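# Per-entry structural report
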Amino acid sequence: GGAAAAAPAAAPGGASAFDENALVSRCNHMQYVLLREHDALLADYLSGLCILPQVYAIRWVKILFAQVFPLDQLVLLWDGLFAFPRDFHLLDFICVALLVRIRPKLLGKDFSTCMQRLIKYSYASVDVTDILDMAVRMLRESLGDATAVGGGGYGGG
């Protein structure tokens with residue numbers, strides 16, 4: 001049918017970015033692998049509270065942060081996200097960068113508070129350009145080549 005022609009880009013592992021099983025795997029990879037690489041303390045803290053990444057991250061990924069950021073910030077985020085072709089790997093790093101950015105709002109908090117911050121927190125005060133810069137840096141590091149994804153950070157300066 002027509003669904004195959006409109007299928008989103010591949011997620012890690014080659015499955016559709018929005019296939020439910022692939023989405024759960026993608027969320028697990030974000031928290032248990034990527035976040036651990038960039039902030040092991042936060043990754044371990046969330047895991048210790050038994051916070052499953054799919055509970056908050058599936059929403060972020062499925063709606064591409066549409067109900068997370070104010071429209072002016074959302075447009076900047078999408079501009080940065082769609083500037084990188086093909087595979088939407090930057091999306092994973094945007095999620096990780098957001099977690100790292102709100103780290104002080106999570107560490108030391110109980111399960112309920114962390115879940116509320118992850119699901120219903122107002123990200124209006126979070127600078128999307130900072131998130132994008134951090135995500136691009138993380139993506140470059142994961143590729144092992146600072147020049148592989150282009151020039152200076154997203155913000156460009």
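Above this text sits the structure in question.
The rules we used
- Residues numbered from 1 in each chain as written.
- Predicted model: local features only at pLDDT ≥ 70, side-chain atom pairs only at ≥ 80, totals over all residues.
- Heavy atoms only, no water.
- Core = buried A, V, L, I, M, F, W, Y, C linked by side-chain atoms within 4.5 Å.
- Buried < 20%, exposed > 50% of the residue type's maximum accessible area, 1.4 Å probe, protein only.
- Helix = DSSP H or I, 4+ residues; strand = E, 2+ residues; numbered from the N terminus.
- Contact = heavy atoms within 4.5 Å.
- Salt bridge = Lys/Arg side-chain N within 4 Å of Asp/Glu carboxyl O.
- Axes fitted to C-alpha atoms, helices over the stretch in contact; angles between N-to-C directions.
- Parallel < 35°, antiparallel > 145°, perpendicular 65-115°, else oblique.
- Left-handed = near helix turned anticlockwise from the far one by under 90°.
- Nonpolar A, V, L, I, M, F, W, Y, C, P; charged D, E, K, R; others polar.

We now examine the nonpolar core. Counting 48 residues, the largest nonpolar core has W60, F65, F69, I94, L98, L118 and Y123 as its most contacted members. Among the elements of the structure, α1 (20-38), α2 (40-48), α3 (53-62), α4 (71-82), α5 (89-101), α6 (111-120) and α7 (128-143) are those that each provide at least two residues to this core. Leave out the neighbours within four places in its chain, and F69 touches L74, L77, L98, Y123, V126 and V128.

To continue, consider the pattern of salt bridges. Under the definition given, this model contains three salt bridges. Its salt-bridge partner being D92, residue R26 comes within 2.4 Å of it at the nearest N-O pair. Remark: D92 occurs in helix α5 and R26 occurs in helix α1; sequence separation between them is 66 residues. Note on R26: relative accessible area 1%, which makes it buried. A relative accessible area of 2% places D92 in the buried class. For R36, the salt bridge is made with D44, and the minimal N-O distance between the two is 2.3 Å. On the basis of relative accessible area, R36 is assigned to the partly exposed category, the value being 33%.

So, about the packing of α3 against α5. Direction vectors running N to C along α3 and α5 enclose 130 degrees, while the axes themselves pass 11 Å from each other. For the element pair α3 / α5, the angle class is oblique. The way α3 lies across α5 gives a crossing that is right-handed. Here Y56, W60 and V61 of α3 lie close against α5, whose contacting residues are L91, C95, L98 and L99. Here the residues of the contact of α3 with α5 sort into seven nonpolar, no polar and no charged.

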